[in-house]
Amino acid sequence: MSSYIIEGGKRLEGETFVSGSKNASLPIMAATILNKGISKLYNVPKIHDTQMMIEILKRLGCKVKCSKNKVIIDSTNVKNQEIPENLMREMRSSVIFAGALIGCYKKAIFSYPGGCDIGARPIDLHLKGFEKLGIIVQENFGKIICTAEEINGTEINLDFPSVGATENIILVAVLCKGETIIRNAAMEPEIEDLQNFLNRMGAKIEGAGTHVIKIKGVHKLNDVSYNIMPDRIEAGTLLCSAAITGGKIEVKNANAEHIKPIIDKLEEAGCEIKIDKDTINLRAPKRLKAVDIRTMPYPGFPTDMQAIFGAILATASGTSIITENIFENRFKYAEELQRMGAKIKIEGKALIIKGARKLYGAKVKSTDLRGGASLVLAALRAKGKTEIEDIKFILRGYEKLDQKLNSLGANITAVY
Ligand code: UD1
């Protein structure tokens, strides 16, 4: 089992950079199926989840070449429309292949996706959207079989602005007949990146980044080159890493527009932040102040930063309340933080955090991607040595997190 050994108590200082966005790369990689041609993607983070997407692309019949952060995908000869069950179980985002396969081949077979355990994660909104577009959705022994004779554009009102459902519907609609309008669409910046990628390929989509997205179906798409946007959650994580150690950091290749609520909360907690184009500078006080957080769909405070703030507020002065409104079980990390001396109480959808002066190194276990990252941050501040087991979750979504933090003065050893 792989782990991080972290010697805490080092103040982070220096310059680092943000890698390409995980949550933009995943749907864009699935979307490369649609052009039956060549897609050159740049700034793709080298993480476990993108490696899984490459595995699925290959199993469907694509040729894939990678060098550093460049991935070239040739989708000319897709022969298989079934997403392998073991890979579906590995990663929730595999479900995004459904939209691309149906859009292009009018057929997709897949099973219920797995991924991080942060509560029930149904796909009913994806399937309802498919059905509205005229796709027949059948379930047989746990397999979902989607087929269609003809797919016609229509209006879809999402019951909730689900990121995945919005992306899957866009992928089906790009090549279908007529116009599709998605209302109450998710507004996350990664959806805008997917729109920009698809439009570069020849699609006709407008409105991503707002609640109404319009997709005019086209007959054919072309080869494409595309640079993936920076990862806003990694940017937030790096800023918080310096903040929890009372440090000073310059984060390059960041888009401050995408992380306004994170910047606001860090300022409220006492950090000084300066933004200059794609660079964010943060200087933290010795001890942060308590702040309250409520997670919301974009442009609200992102649920993916909830656990990270859980860590930094565990050492702030005063009592903070975090309310998780998106996922039903995203507090597992809190029990691990308690082992390090954090004073946290879980009350339904809320965490009540009484900031402790000190955290102490301990043996803890990472339970999911962002929960794992929150333990890394707590360990940076803690007195003594922390061993974080099961870092496979962290490696799913962060590119070289240990190396980036070490370059700022942290002392993290990865044991594989
Ligand atoms: C995406 C992100 C994830 C982020 C989340 C919310 C990717 C790869 N992942 O996940 O990092 O935490 O957005 O910002 O982009 N829901 C349903 N039925 C559905 C679909 C969703 O009830 O058919 C519910 C979910 O259970 C959850 C909420 O809607 O409670 C949000 O889910 P969704 O926006 O779909 O998140 P993901 O696309 O899975």
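Cut-off values and rules
- Residues numbered from 1 in each chain as written.
- Predicted model: local features only at pLDDT ≥ 70, side-chain atom pairs only at ≥ 80, totals over all residues.
- Heavy atoms only, no water.
- Helix = DSSP H or I, 4+ residues; strand = E, 2+ residues; numbered from the N terminus.
- Rg over C-alpha atoms; globule rule 2.2 N^0.38 Å.
- Buried < 20%, exposed > 50% of the residue type's maximum accessible area, 1.4 Å probe, protein only.
- Contact = heavy atoms within 4.5 Å.
- Areas by Shrake-Rupley, 256 points an atom, 1.4 Å probe, with all protein chains shown as cover.
- Lys, Arg positive; Asp, Glu negative; His and termini not counted.
- Charge placed at Lys NZ, Arg CZ, Asp CG, Glu CD.
- Pairing = 2+ DSSP bridges.
- Domains from an automatic or database assignment.
- Buried area = accessible area lost by both parts, 1.4 Å probe.
- Salt bridge = Lys/Arg side-chain N within 4 Å of Asp/Glu carboxyl O.
- Polar contact = N/O pair within 3.5 Å; in protein donor to acceptor, adjacent residues only side chain to side chain.
- Nonpolar A, V, L, I, M, F, W, Y, C, P; charged D, E, K, R; others polar.
- Expected span 1.5 Å × (residues − 1).
- Near = heavy atom within 4 Å.

Brief notes about the overall build of the protein chain
Working step 1: A tally of regular secondary structure across the protein chain gives 14 helices and 23 strands.
Working step 2: The C-alpha atoms of the protein chain give 21 Å as radius of gyration, which agrees with the globular expectation for 416 residues (22 Å, within 12%).
Working step 3: Burial statistics for the protein chain: of 416 residues in total, 57% are counted as buried.
Working step 4: Sequence-distant contacts in the protein chain: of pairs separated by 6 or more residues, those separated by 24 or more amount to 72%.
Working step 5: Of the roughly 16,800 Å² of accessible surface on the protein chain, a fraction of 47% belongs to carbon and sulfur atoms.
Working step 6: The centroid of the 59 positive side-chain charges in the protein chain is displaced by 4 Å from the centroid of its 48 negative side-chain charges.

Let's talk about the sheet that holds strand 19 (residues 343–347)
Working step 1: Read across the sheet, four strands follow the order 17-18-20-19 without closing on themselves; strand pairing throughout is mixed. The sheet terminates laterally at strand 17 (293–294) and strand 19, the two strands that pair on one side only.
Working step 2: Summarising the sheet, strand 17 and strand 18 (residues 319–323) pair through two bridges and their orientation is parallel. Along strand 18, the bridge assignment pairs Ile293 with Ile322.

Points about the domain arrangement of the protein chain
Working step 1: Domain boundaries in the protein chain define domain 1 (3–19 + 230–415) and domain 2 (22–227).
Working step 2: Here domain 1 and domain 2 have C-alpha centroids that lie 30 Å from each other.
Working step 3: Each partner contributes to the interface: domain 1 provides 24 residues, whereas domain 2 provides 25 residues.
Working step 4: Across the domain 1/domain 2 interface, buried area totals approximately 2,000 Å², and carbon plus sulfur atoms make up 53% of it.
Working step 5: Interface area lost by domain 1 to domain 2 is led by Tyr298, Arg396 and Glu399, which between them contribute 34%.
Working step 6: Joining domain 1 to domain 2, the criterion identifies two salt bridges.
Working step 7: Of the charged contacts in the structure, one is a salt bridge between Arg396 and Asp49, with a shortest N-O distance of 3.2 Å.
Working step 8: In this assembly, domain 1 and domain 2 are joined by eight residue pairs in polar contact (both at pLDDT 80 or more).
Working step 9: Listing elements by their share of the side of domain 1 that touches domain 2, those giving two or more residues are helix 12 (369–381) and helix 13 (392–397).
Working step 10: Considering each element in turn, the side of domain 1 that touches domain 2 owes the most residues, four residues, to helix 13.
Working step 11: Along the lines of polarity and charge, the residues of the side of domain 1 that touches domain 2 split into nine nonpolar, five polar and 10 charged.

So, helix 8 (residues 232–244)
Working step 1: Between its terminal C-alpha atoms helix 8 stretches 18 Å, which fits the 18 Å expected from 13 residues at 1.5 Å a residue.
Working step 2: Burial of helix 8 is extensive: 13 of the 13 residues sit out of reach of the surface.
Working step 3: The N-cap residue of helix 8 is Asp231: its side-chain oxygen and the backbone nitrogen of Ile233 are 2.9 Å apart.
Working step 4: Downstream of helix 8 by one or two residues, Gly246 has phi in the positive range, about 70 degrees.

Things to note about the side chain of Thr166
Working step 1: Assignment of secondary structure puts Thr166 in helix 6 (residues 163–173).
Working step 2: Residue Thr166 is classed as buried on the basis of its relative accessible area, which comes to 0%.
Working step 3: A distance of 3.1 Å separates a polar atom in the side chain of Thr166 from the backbone nitrogen of Ala186.
Working step 4: Setting aside its immediate chain neighbours within four residues, Thr166 contacts Leu158, Ile182, Ala185, Ala186, Ile191 and Ile213.

Here's the deal with the pattern of salt bridges
Working step 1: Overall, the coordinates contain 18 salt bridges when judged by the stated rule.
Working step 2: Two residues, Asp159 and Lys128, come together in a salt bridge whose shortest N-O distance is 2.8 Å. Placement of Asp159 in the loop between strand 9 (155–157) and helix 6 and of Lys128 in helix 5 (residues 124–132) is noted, with a sequence separation of 31 residues between them.
Working step 3: Here Glu150 makes a salt bridge to Lys177, at a shortest N to O gap of 3.3 Å. Highlighted residues: Glu150 in the loop between strand 8 (143–147) and strand 9 and Lys177 in the loop between helix 6 and strand 10 (179–183), separated in sequence by 27 residues.
Working step 4: One network of salt bridges, with partners in common, ties together Lys22, Asp49 and Arg396.

Looking at the site of the ligand
Working step 1: The environment of the ligand is made up of 20 residues, and the closest members are Asp124, Leu125, Ser162, Asp304 and Ile326.
Working step 2: Within the backbone of Leu125, a nitrogen or oxygen atom sits 2.7 Å from an oxygen atom of the ligand.
Working step 3: Backbone polar atom of Ile326 to an oxygen atom of the ligand: 2.6 Å apart, as the coordinates give it.
Working step 4: Isolated, the ligand exposes 740 Å² of accessible area, and the fraction of that covered by the protein chains is 85%.
Working step 5: In terms of residues, the shell around the ligand owes the most to one element, helix 5, which gives three residues.
Working step 6: Of the residues that constitute the shell around the ligand, the class distribution is eight nonpolar, six polar and six charged.
Working step 7: Two domains each provide a minimum of three residues to the shell around the ligand, namely domain 1 (3–19 + 230–415) and domain 2 (22–227).

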